[in-house]
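One-letter residues, chain by chain:
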Amino acid sequence: MSGLVLLVLGALTETITAGTQRAMVGGMFFLAVAAFVVAGVGRLTEPEEMRAARAEKAAAKKAPPPTAEGDEPGGSWQEGGGWDDAGEPWQEEEEQQRPGAEPWEERNAPWGEQRPEAPAVGAGPPATKPWEEQTRPKQRRRESGRRQQQQPRVPERKLPRLSDLTNAQLGPTQTMYTSRGQAPYVRRPAADGRLAALLNADSAPFPFVVVVGPAKAGKSRTVVEAARSVLGGRDPGVLIPASGEEVAELLRDDGALAHERQPWVVWLDDVTAADLTHLSADALDRASERALLIATITDERWDQILSSGGDVAATAKAALRRATKVPLDFELTVRERAEAEQLYPQMHISASIGEAVVSGDQLIAKFQAGKDQEPAGYTIVQAAVDARRAGLNRPLTDAELRGLYPLYLRRVRIDLDPTTRLFEEGLSWATEAASSEVALLSHTEDGAGLEVLDYVIAVEEGRHGHEARPVFEAMWQELLAAVPADDAFNIGIGASLRDNSAAAEMAFRKVLDADHAGEAPRAANNLGLLLREQGDVPGARTAFQRAIDSAHPDVMPRAANNLGTLLREQHDLNGARMAYQRAMESGHPDVVPRVANELGSLLREQGDVSGARAAWQRAVESGHTDVVPPAALNLGMLLKDQGDVAGAESAYQKAIDSGHREVVPVAALNLGSLLREQGDMSGAKTAYQKAVDSGHSEVVPVAALNLGSLLREQGDMSGAKAAYQRAMDSGDVSVTPVAALNLGMLLKDQGDLTGAEAAYQRAVDSGDVDVVPMAALYRGSLLKDQGDLVGAETAFQRAVDSGHPEVAPMAANNLGVLLTEESDVAGARAAYERAVESDHPDVSPMAANNLGVLLTEESDVAGARAAYQLAVDSGHADVAPMAALNLGLLLDEQGDVPGARAAYQLAVDSGHAEVVSVAAVNLGSLLRQQGEVAGARAAFHLAIDAGFVDIAPVTAESLRVLVAGQGGAVSAKPTSRLALPGPRQEQAAIAARSSGGEELDESLGEDLDDGPNGRT
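Residues numbered from 1 in each chain as written. Predicted model: local features only at pLDDT ≥ 70, side-chain atom pairs only at ≥ 80, totals over all residues. Heavy atoms only, no water.

Chemist: When you look at the sheet that holds strand S5 (residues 291-298) in this model, what are you seeing that I'm missing?
Modeler: Strand pairs in the sheet, formed through backbone hydrogen bonds, run parallel or antiparallel to each other. The five strands are arranged S3-S4-S5-S2-S6 in an open sheet whose pairing can be described as parallel. Edge strands, defined here as strands with exactly one partner in the open sheet, are strand S3 (238-239) and strand S6 (324-327). Across two bridges, the pairing between S3 and strand S4 (residues 264-268) is parallel. Across the sheet, the residue bridging to leucine 239 is valine 266, located in S4. The strands touched by helix H8 (residues 219-231) are strand S2 (208-213), S4 and S5; relative to S5, the strand with the most contacts, the crossing angle is about 160 degrees. (Pairing = 2+ DSSP bridges. Helix = DSSP H or I, 4+ residues; strand = E, 2+ residues; numbered from the N terminus. Contact = heavy atoms within 4.5 Å. Axes fitted to C-alpha atoms, helices over the stretch in contact; angles between N-to-C directions.)

Chemist: Help me out: how do you make sense of a negative patch on the surface in this one?
Modeler: Side chains of Glu806, Asp842, Asp878 and Glu914 sit close together on the surface and give a patch of like negative charge. In this structure, glutamate 806 sits in the loop between helix H39 (789-801) and helix H40 (807-821). A relative accessible area of 42% means that glutamate 806 is categorised as partly exposed. (Patch = residues over 30% accessible without salt bridge, like charges linked within 9 Å, V, L, I, M, F, W, Y side chains within 5 Å. Areas by Shrake-Rupley, 256 points an atom, 1.4 Å probe, with all protein chains shown as cover. Salt bridge = Lys/Arg side-chain N within 4 Å of Asp/Glu carboxyl O. Lys, Arg positive; Asp, Glu negative; His and termini not counted. Charge placed at Lys NZ, Arg CZ, Asp CG, Glu CD. Buried < 20%, exposed > 50% of the residue type's maximum accessible area, 1.4 Å probe, protein only.)

Chemist: I keep staring at the packing of helix H37 (residues 753-765) against helix H38 (residues 771-785) and nothing clicks. Help me out?
Modeler: For any two helices packed against each other, the geometry is given by the interaxial angle and the distance between the axes. The interhelical angle for the contact between H37 and H38, taken along N-to-C directions, is 155 degrees, at an axis separation of 8 Å. Taken together, the axes of H37 and H38 are roughly antiparallel relative to one another. Crossing hand, H37 versus H38: left-handed. Facing Leu753, Ala756, Glu757, Tyr760, Gln761, Ala763 and Val764 of H37, the residues of H38 in contact are Val771, Val772, Ala775, Ala776, Tyr778, Arg779, Leu782 and Leu783. (Parallel < 35°, antiparallel > 145°, perpendicular 65-115°, else oblique. Left-handed = near helix turned anticlockwise from the far one by under 90°.)

Chemist: Is there a simple way to explain the pairing of S4 in this structure?
Modeler: Working note: regular strand, side chains alternate between the two faces of the sheet. Within S4, five of the five residues are buried, leaving the element largely enclosed by the surrounding structure. Along S4, one buried face is formed by Trp264, Val266 and Leu268 and the opposite face, lined by Val265 and Trp267, is buried too. The handedness of the S3 to S4 crossover, carried by helix H9 (residues 244-252), is right-handed. For S4 and S5, the ladder comprises five bridges, and the chain directions are parallel. (Right-handed = clockwise from strand over helix to strand, strands pointing away.)

Chemist: Quick question: what am I supposed to make of the pattern of salt bridges here?
Modeler: Under the criterion given, the structure shown has 44 salt bridges. Its salt-bridge partner being aspartate 454, residue lysine 216 comes within 2.7 Å of it at the nearest N-O pair. Taken together, the residues span a long stretch of sequence, with lysine 216 in the loop between S2 and H8 and aspartate 454 in helix H20 (residues 454-460) at a distance of 238 residues. Assessed through its relative accessible area of 9%, lysine 216 is described here as buried. Accessibility expressed as a relative area gives 22% for aspartate 454, which makes it partly exposed. One salt bridge in this structure joins lysine 640 and glutamate 677, with 3.7 Å as the shortest N-O distance.

Chemist: Just to check I follow, could you spell out the environment of histidine 516 for this structure?
Modeler: Considering the arrangement of structural elements, one finds histidine 516 in the loop between helix H23 (501-514) and helix H24 (520-533). Sequence separation of histidine 516 and aspartate 486 is 30 residues, and the distance between their C-alpha atoms is 7.6 Å.

Chemist: What is the right way to look at the pairing of S5 in this model?
Modeler: Taken across its eight residues, S5 has eight buried, putting it largely inside the fold. Taking every second residue as pointing to the same face, both faces of S5 are buried, with Ala291, Leu293, Ala295 and Ile297 on one and Leu292, Ile294, Thr296 and Thr298 on the other. Where S2 lies against S5, six bridges are found, and the strand directions are parallel. Paired with glycine 213 across the two strands is threonine 298, which belongs to S5.

Chemist: I tried to follow unusual backbone geometry on my own but got confused; where do I start?
Modeler: Residues other than glycine predominantly adopt negative phi, and peptide bonds predominantly adopt the trans conformation. A cis geometry characterises the amide bond from alanine 204 onward to proline 205, with omega recorded as 0 degrees. Within the element layout of this structure, proline 205 appears in the loop between helix H7 (189-199) and S2. Cis geometry marks the peptide bond from glutamine 262 to proline 263, where omega comes out at 5 degrees. Position of proline 263 among the secondary structure elements: in the loop between H9 and S4. If you check the backbone angles, lysine 216 has positive phi at about 65 degrees while not being a glycine.

As structure tokens, then:
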């Protein structure tokens, strides 16, 4: 077309420019017209995509710069902390169901168009389309991560089908076997079967599946083969995102990928902590409605994230806990090894198929030898390894690697100068491929970056039998100085995971200083979390406020929530309430339920019970999978305290039904206690057993203790013994002593005195200030029964010396009884007097009575009379009648008839089943001697009616003779005064610390608030 136009224009010029000026004028005219035509025709013939892109660019130039309010939501957030006052992070989340709706109906339709089948195992890769990018996904994601944020969003996006993607694009390391099309798959039956079951989901909720294993265990290849096998017929669209933020943004946009047949697949090979920090609860809830999330991660990174105690990585932690883990071992089984050796007969396989196909042993041997043989190459690789360990989620550029390697070279060879030539020689050594066509360092497809082999990273982390090497501390500052702000943000997350708060703060401050539009609000929020952990309250408050002031639609509500939590911790409840209110006003679907839960706790602290109930009820009704369980638990405890048993039971059951792995055990324990109080022993037993079976480290000991007490009450001694033993085996310092004490009591009742003494001794050895005195008391009684009086005295004395307000008086009384039997009058008197002086409502009267008996035997009438009177005056239902009888005997012997008569009458009037008959006989004898036959006859009748039996020297027949006399004459021999046998009483065994029906205290179950919110 353009050539034809030029010919026509040339002819026209020849006609116009006749004459001597033809050559010059014609040439100039031709050039001008040609330039115009080239430009115009170029516009006419350029591809549609280029015209659209230029139009978009021109529109962008005319449009005003975006404000913070107009920015697109930048992903999700970082939530940490978890339960208020306990510092526990939020955990597993479940599917969020919309009330009153039947979700996913349209997704139950048939799959429609069938795509081509995946290539057969062992065949070469499928033919690539001209538009296909050949970069491996983990490289492509890292290379494009920074560029992706600057590209305009495409409203309509069409995903490539699974059959369109090669294995190389999906993640497995490319080796000489794949390049030759001779890489058959070695089956991993356990993982293959589990993946097949999980991926074969044709209706929502769709799973989030993570294959976890060591580097070069074969994770990527295993999940690729499973996906092709299970999903090949459906041939879904596959999103290989540049970052986790891209996933979150697509999921939040209901219009994005709306044309895609569901479920489409999100492919997250070698997923990082930075990716996972974007996958908050709302993002995962949306994903479960629309897509299968398939990821791989090293077991080391999995453990690192889950063991992180900081708030910055809490969302990543919660995301992994929500995922379904499919483990893949590094070592092949015997069967797998046999198949691998058959498929790869020329290859030596010592452990992992992945290690073998990349020549892992050969590469590691080369790397380690390089320290002496090729120090430049060795330190270049070390620098690349540490950059990845620090959180840089993309390949290093040549310039960045040149800047880092001198730090490492000086550590290995101080005599070498880091010259350009030395770097180039070292880089050539590091990028030289082994026999497997895999190198320690590999250039990316575009040659702009260098990627280190993940197997080398694992070795430097101390895996596969190698010694771990710490990340070089000086590297952090150098790396942060070299990378742009968005990479600094990821490094901040990496530093947080490694508990390097200084490097993390440096990284987040770099983002803030650069005022990076997308990352600065998130960096401010994460900096606030970091500073709060360090105790820098003013700094944290300033950082949270900066994030709030950004008005970022996703970060602002989370930062307001975090600020509220910070102010609440500082007891600024009004300030906290205002911050929470601002977060609530945002209407953010993920934040508002969390704030409602926290606001409920704050209102309860302020005594606003109705407000707290309303807030927790709102949180429960939100249906938020992350918030409903703790809010239901909090609501249950509030309702129980308010006496709403039915409401509390319903709330606890809702928390249990959520399946939340942290909340369910606590809710089950509390439900068990509630049902036990209501007399529903069967329900309580089931609830306690569920709590025990949960395996929760803090709940199981308490639940086992409570279950043991319940089973003992029901007569199931075998079950109770097992439950107490489970509680003891937990090693929980607050529960083990009580369980040992209760087990000792149970074994004593069963006659296992040796086992009982051992259990009591374990309780004594625990040092628990509440349990030791009680255990010593029990042990003393046991040893006394066995005749070990010395051991018993020592045990009682230990209990006395504890000063325990309940146990020490009992032990003092028992010690007095023991010393009396040993004829240690002075020691016994001192022990009784100590018990009397305790003013214990039960023990003091008993000890006073015992002291009176002791002093009576020592002929200390005045002392005995005072002791008895003290016991009588106590009004104790059991001891006062007995003391009155003994006082009557004492006064009777002293000839004090009125005093004795009054004391006997007091004992008779007490109605005490064991005292009345004896006191009545003595009163009758006294009255008979005084000539009051009618009174005596009435007293004797009372004794008989009270169930009097023979008490030597008086028999029932003698009483009948006495009451049958004529005219008051008595023909029987007068009776002697009677006393109850064994007037000294040893304190009965007391119950162990209450272990049934108690809820966990607030530090475990009360304020289950949402934790701090960090970056998505």
